[in-house]
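# Remarks on the overall topology
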There are 2 protein chains.
Amino acid sequence: MKQIYLDWAATAIPDIDILTDVNRIALTYFANPSSVHEQGLKAGDFLMTCRNNMAKVLDIRDDQLIFTSGGSESNNLVLFSLLKKLKTDSILKHHPGIIISGIEHPSMYEPARTLSNIGFTLDFIRTGRNGIVDLDDLKGKLKKDTVLVSVILVNNETGAVQPVESLTEIVRKYSGNTGRYIHIHTDAVQALGKIPFSLTGSGVDSASFSAHKIRGPRGVGALYLKDIEKIIPLYSGGGQEKNIRPGTENLPGIYGFFRSAEKAVPAVHENPGKMYALSCYFIREIKEIKNAVIIPEERLNFESSQFSPYIISAAFPPVPSEVTVRALSEKGIMISAGSACSAHSSLSRGRVLKNMGYNPELYSSAVRFSFGNTTTEEEINTAISIIRDTIPRLTGIAGA
Amino acid sequence: MKQIYLDWAATAIPDIDILTDVNRIALTYFANPSSVHEQGLKAGDFLMTCRNNMAKVLDIRDDQLIFTSGGSESNNLVLFSLLKKLKTDSILKHHPGIIISGIEHPSMYEPARTLSNIGFTLDFIRTGRNGIVDLDDLKGKLKKDTVLVSVILVNNETGAVQPVESLTEIVRKYSGNTGRYIHIHTDAVQALGKIPFSLTGSGVDSASFSAHKIRGPRGVGALYLKDIEKIIPLYSGGGQEKNIRPGTENLPGIYGFFRSAEKAVPAVHENPGKMYALSCYFIREIKEIKNAVIIPEERLNFESSQFSPYIISAAFPPVPSEVTVRALSEKGIMISAGSACSAHSSLSRGRVLKNMGYNPELYSSAVRFSFGNTTTEEEINTAISIIRDTIPRLTGIAGA
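For clarity, every value in this text was computed on a predicted model and none was experimentally measured.

### Notes on the interface of chain A and chain B
Interface size is often expressed as the accessible area that is lost when the parts come together. Each partner contributes residues to the interface: chain A has 69 residues there, and chain B has 69 residues. Of the roughly 5900 Å² buried between chain A and chain B on both sides combined, carbon and sulfur atoms contribute 60%. If you sort the residues of chain A by the area they bury against chain B, F30(A), R218(A) and Y235(A) come out on top, with a joint share of 13%. Summed over the shared surface of chain A and chain B, the result is zero salt bridges. At the junction of chain A and chain B, the tally comes to 28 residue pairs in polar contact (both at pLDDT 80 or more). When residues of the side of chain A that touches chain B are traced back to their parent elements, those giving at least two are α1 (16-28), α2 (38-58), α3 (71-86), α4 (88-94), α5 (106-117), α9 (251-270) and α11 (321-330) of chain A. Counting residues per element, the side of chain A that touches chain B draws most heavily on α3(A), at seven residues. Considering only residue class, the side of chain A that touches chain B consists of 31 nonpolar, 27 polar and eleven charged.

### A word on the sheet that holds strand β7 (residues 206-210) of chain A
Residues and elements named next belong to chain A. Taken together, the seven strands give an open sheet; going across it, the order is β2-β8-β7-β6-β5-β3-β4, and neighbouring strands pair in mixed fashion. The two strands at the open ends of the sheet, each matched to only one other strand, are β2 (65-68) and β4 (121-125). Neighbour-to-neighbour, the strand axes of the sheet open up by a mean angle of 20°, direction not taken into account. As paired elements, strand β6 (residues 183-187) and β7 share three bridges and run parallel to each other.

### Let's talk about the relation of the copies chain A and chain B
Structural alignment of chain A on chain B gives an RMSD of 0.0 Å, achieved by rotating through 180° and translating 0.0 Å along the axis. Such a combination of turn and shift is consistent with a two-fold rotation axis. Looking at chain A, 100% of its interface residues are interface residues in chain B too, so the copies touch through the same face.

### A word on the domain arrangement of chain A
Residues and elements named next belong to chain A. Each assigned domain of chain A is listed here: domain 1 (4-14 + 269-397) and domain 2 (61-249). The gap between the C-alpha centroids of domain 1 and domain 2 is 27 Å. The interface of domain 1 with domain 2 comprises 36 residues on the first partner and 31 residues on the second. When domain 1 packs against domain 2, close to 2800 Å² is buried across both sides, 52% of that on carbon and sulfur atoms. Interface area lost by domain 1 to domain 2 is led by R351, V352 and M356, which between them contribute 21%. At the junction of domain 1 and domain 2, the tally comes to one salt bridge. The shortest N-O distance in the salt bridge between E297 and R129 comes to 3.1 Å. At the junction of domain 1 and domain 2, the tally comes to 17 residue pairs in polar contact (both at pLDDT 80 or more).

### Let's talk about the packing of helix α2 (residues 38-58) of chain B against helix α9 (residues 251-270) of chain B
Residues and elements named next belong to chain B. Contact geometry of α2 with α9 gives a least axis separation of 9 Å together with a crossing angle of 25°. Judged by the angle between their axes, α2 and α9 are roughly parallel. The two elements α2 and α9 meet at a crossing, and its hand is left-handed. Seen from α2, the contacting residues are A43, F46, L47, C50, N53, M54 and V57; seen from α9, they are L251, I254, Y255, F257, F258, A261, E262 and V265. Looking at the contact of α2 with α9, its residues break down into 13 nonpolar, one polar and one charged.

Quick notes on the rules
- Residues numbered from 1 in each chain as written.
- Chains lettered and ligands numbered in written order.
- Predicted model: local features only at pLDDT ≥ 70, side-chain atom pairs only at ≥ 80, totals over all residues.
- Heavy atoms only, no water.
- Contact = heavy atoms within 4.5 Å.
- Buried area = accessible area lost by both parts, 1.4 Å probe.
- Salt bridge = Lys/Arg side-chain N within 4 Å of Asp/Glu carboxyl O.
- Polar contact = N/O pair within 3.5 Å; in protein donor to acceptor, adjacent residues only side chain to side chain.
- Helix = DSSP H or I, 4+ residues; strand = E, 2+ residues; numbered from the N terminus.
- Nonpolar A, V, L, I, M, F, W, Y, C, P; charged D, E, K, R; others polar.
- Pairing = 2+ DSSP bridges.
- Axes fitted to C-alpha atoms, helices over the stretch in contact; angles between N-to-C directions.
- Least-squares fit on C-alpha atoms with pLDDT ≥ 70 in both.
- Domains from an automatic or database assignment.
- Parallel < 35°, antiparallel > 145°, perpendicular 65-115°, else oblique.
- Left-handed = near helix turned anticlockwise from the far one by under 90°.

Below, the structure written as structure tokens:
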């Protein structure tokens with residue numbers, strides 16, 4: 001049975017050409033980039049080349065780019081840098097404020113909750129039923145002690161693109177009035193190579209990225225920092241990555257990340273309408289299924305720029321998410337219940353849809369279809385016919 | 001010119017067979033191990049197999065093994081878990097104590113200093129001129145508020161093996177009297193596959209490991225946790241690695257780590273005398289050079305188990321370390337000035353030797369020779385003749 005992989009938002013099918021080159025680089029530049037002998041300098045120079053090239057792809061300066069082990073580390077790094085920057089006694093005295101959305105990835109949501117347990121105040125921007133944060137609500141939540149605002153650029157469960165640029169304008173305006181710096185972060189893991197965006201144009205102070213979501217190697221990510229001096233990271237060690245991220249540089253992984261970004265990022269601009277058309281077609285076909293609910297329901301009415309065409313959320317109540325995932329898996333269609341990153345915790349399951357105002361029956365039956373750069377029209381057609389055949393049987397069994 | 005790589009303690013020359021298999025695994029088990037569809041479950045099962053196999057190599061239970069991005073992350077993870085476990089207000093009130101040595105790797109030394117700036121008290125166990133920590137000194141430094149003691153198992157600059165087993169006995173005895181738990185950590189990065197040791201036998205609560213030091217892939221490490229329940233990590237996210245370490249599991253990297261450990265660890269027991277004899281021979285030959293100082297001077301008088309035969313420290317005053325490294329590099333011999341991990345900070349340079357009681361003239365002229373599993377007698381002989389030819393010219397120029 002031919003398998004169709006529609007779980008690209010969990011991880012992409014790696015690019016074999018890139019992985020092969022990654023191994024070549026691992027052998028050619030095998031030395032520690034921090035070593036000062038000939039091989040070390042050679043590796044150090046190549047690291048600089050990778051950083052320059054990747055910075056060009058992201059349209060930023062190379063001194064604004066830090067490599068990490070992935071998106072989760074990048075998010076945690078930014079959040080916990082607050083602990084070192086603000087001093088513990090001051091935190092306990094002044095309770096500086098953090099504002100995030102209720103639809104953040106767990107690697108932002110969970111550490112923010114940790115900070116709220118150790119002295120910070122934590123507020124959540126309201127999210128509409130459309131999956132988009134309410135900026136008017138943000139306006140009312142900014143306080144003079146607010147130190148960080150973070151909103152995910154493309155939500156990993158619904159594909160909803162958040163208005164980060166407008167958010168930044170609001171925060172900067174507020175900040176201009178109070179004279180206090182507010183750090184604006186965005187988790188851009190599901191945005192890279194999927195939707196067009198400009199880091200400098202958005203005005204954010206930092207953004208997280210991951211290689212494995214765009215066919216690059218596992219275990220490598222990045223962090224954009226508008227002004228590296230404004231971050232005082234908690235973790236430390238040998239001073240690598242300009243003292244922002246310790247540990248021997250994963251040079252082969254960094255090279256692989258650049259290679260995958262170099263392919264994926266310009267491709268977003270090449271044929272922007274194609275993937276959008278495909279996603280609309282998929283949504284329309286799924287909508288036809290009895291009991292099917294597209295999340296958000298009116299997604300097709302939104303502009304193409306408001307949702308990533310690579311992520312589609314739908315629910316088939318009363319069939320539990322896991323049942324749908326397993327039934328489709330048996331037919332060769334690989335999809336996800338919520339996100340893979342919430343699979344370990346039943347508590348966090350459904351949190352995103354719940355915060356959008358959906359009820360338990362709906363969010364416990366939601367699944368995620370996610371596409372990748374190599375997803376073909378043929379695959380989508382086959383998937384649709386299998387889904388349209390499978391779901392009604394499941395809803396029948398479930399007594400709907 | 002044939003190059004001889006003697007900087008294995010900075011990073012090992014990767015094993016091409018392992019890297020090739022890593023890519024095969026990346027394609028075979030491409031899905032996210034947390035996904036619940038068929039491919040995800042397959043990846044999840046394979047992750048379990050890797051964990052089981054690696055745990056066997058380390059002679060621990062598989063529920064005691066957490067994969068990270070490397071040794072630096074493992075060390076930071078253990079230290080900063082104290083922040084979450086002990087609560088900020090309690091830390092500021094009680095100033096819990098951390099005891100480490102002055103010869104720790106920067107990824108332990110620097111975060112410990114950070115903790116000392118945010119409420120913890122930090123004490124250092126005295127290190128003898130022989131590079132070994134003084135356990136009598138530790139006895140006087142244990143206090144009822146001590147919460148963590150950490151000593152590196154094999155020092156990364158001198159190769160000195162620290163008496164971690166005896167240290168554990170002392171700490172446990174003290175802990176038994178006070179009834180308070182003290183976490184004992186060891187950075188075992190330079191020990192794995194280089195010296196025989198038993199994690200359970202040593203009695204430590206946690207230990208850090210890195211794959212790239214033993215010919216495995218970059219960007220993957222591990223953390224042994226005797227009792228996983230005793231650690232409450234600061235970083236969080238999708239709940240991977242039993243909630244200890246967030247981020248999509250680097251399955252190919254983890255597999256590569258297991259493969260490199262499976263080769264390196266049993267090899268330690270196969271011919272333990274061979275590498276020791278080679279290191280003694282090297283030391284004797286280097287000692288003959290005018291002005292040469294082996295660190296510690298009396299290293300040859302120690303038992304074979306007290307120094308890793310893979311790391312040898314020597315100084316050629318008054319020639320600055322960098323001059324020696326570059327001169328030998330020009331002759332094809334790749335060695336290190338201190339450790340690669342201290343290359344980014346002139347402040348941390350020399351810290352290890354300084355804490356052993358050496359003076360600036362000596363530690364600023366110290367270099368590290370480090371061997372690997374594939375280092376041959378022939379390479380060592382060639383290196384010796386080049387070193388014996390090069391150093392006297394340098395000391396001559398330096399006016400010694």
